[in-house]
Amino acid sequence: GDRDDDATLEACVLPDYDVGLLDDYIDDILFFFDTSHAQCVRALLSLVQLLPPGVGQAYFDAAVVNGVLCTMLSLPSPPTLPVYYGAVISGLCKEQPTLPRALGRAIMYVYRRAHRLDLTVYDRFVQWFAHHLSNFDYLWPWHMWHAVLATDDGDGDGDGD
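Please read these numbers as outputs of a predicted model, since none were measured by experiment.

Participant: Help me out: how do you make sense of the confidence of the model for the chain in this one?
Facilitator: The predicted coordinates ought not to be read in detail in places where the model reports low pLDDT. Looking at the chain, the pLDDT average stands at 83 and 81% of residues meet or exceed 70. For the chain, the element scoring lowest by mean pLDDT is helix 1 (residues 3-8), at 38; helix 3 (residues 37-46) scores highest, at 97.

And the structure:
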């Protein structure tokens, strides 16, 4: 894979059962704190204390981002309104300086696979991403999406089909 994907997996020393436990903790926190995104953010960030020594911050950030995005994009609908997950992601980005990098990787992962997504998932993702960008002054490495501008039809593959 490319270097950024490898960095996401940096220091991933958790056994499979621990990965499942971390995912379960993330799901439970999202569920139990659904009335307060600020408390949810604090609880999610506290999970890092449960990880064994040697587990990198990049791995933790990627796990949290993955957990929140997967729940927000779940079909037929997420357990809570999508705006809650957007508030959680925004809060995580503001409270954890390393997390936006993991979020950027996740967004690029979804972007590269957008043509394969269920229409409902795609629409929910686009709405969330537009709202997220508006909360962060539309800061994004737009040059990475230059191929979309180079096409006549906007499909992003640069072939014009």
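Following the structure, the description resumes.
Participant: It is not clear to me how the environment of Pro 79 should be interpreted in this structure. Could you clarify?
Facilitator: Tracing the backbone shows Pro 79 in the loop between helix 4 (57-72) and helix 5 (82-95). In this structure Pro 79 comes out as exposed when scored by relative accessible area, which is 60%. C-alpha of Pro 79 to C-alpha of Leu 30: the two residues are 49 residues apart in sequence and 9.2 Å apart in space. When sequence neighbours within four positions are dropped, the list of residues in contact with Pro 79 reads Thr 71, Ser 74 and Tyr 85.

Participant: Before we go on, may I ask you to explain the packing of aromatic side chains in this structure?
Facilitator: The relation between two aromatic rings is expressed through the spacing of the ring centres and the mutual angle of the planes. The full count for this structure, using the stated rule, is six aromatic pairs. Consider the rings of Tyr 84 and Tyr 85, whose centres lie 5.0 Å apart with planes at 70°: the pair is edge-to-face. Assigned by exposure class, Tyr 84 and Tyr 85 land together as buried. An aromatic cluster is present here, built from Phe 125, Trp 128, Phe 129 and Trp 140 joined pairwise through their rings. Over the aromatic face of Tyr 109 sits the side chain of Arg 113, whose NZ or CZ is 3.7 Å from the ring centroid.

Participant: How should the environment of Ile 107 be read in this particular structure?
Facilitator: Counting through the fold element by element, Ile 107 comes out in helix 6 (residues 99-112). For Ile 107, a relative accessible area of 1% corresponds to the buried category. With 18 residues separating them along the chain, Ile 107 and Phe 125 place their C-alpha atoms 9.1 Å apart. In contact with Ile 107, not counting residues within four places along its chain, are Phe 125, Trp 128, Phe 129, Trp 140 and Trp 145.

Participant: Even after reading the chapter, I still don't get the nonpolar core, so can you show me in this structure?
Facilitator: A general tendency of soluble globular proteins is for nonpolar side chains to be buried together. Counting residues in hydrophobic clusters, the biggest one holds 41 residues, and the most contacted among them are Leu 30, Leu 44, Val 68, Val 88, Leu 92 and Trp 128. Among the elements that make up this core, the one with the highest residue count is helix 4 (eight residues). If we ignore the near neighbours within four places in the chain, the residues touching Trp 128 are Leu 69, Met 72, Gly 86, Ile 89, Leu 103 and Ile 107.

How each quantity is defined
Residues numbered from 1 in each chain as written. Predicted model: local features only at pLDDT ≥ 70, side-chain atom pairs only at ≥ 80, totals over all residues. Heavy atoms only, no water. pLDDT = per-residue confidence, 0-100. Helix = DSSP H or I, 4+ residues; strand = E, 2+ residues; numbered from the N terminus. Buried < 20%, exposed > 50% of the residue type's maximum accessible area, 1.4 Å probe, protein only. Contact = heavy atoms within 4.5 Å. Phe/Tyr/Trp six-rings, centres within 6.5 Å; stacked < 30°, edge-to-face > 60°. Lys NZ or Arg CZ within 6 Å of the ring centre and 35° of its normal. Core = buried A, V, L, I, M, F, W, Y, C linked by side-chain atoms within 4.5 Å.

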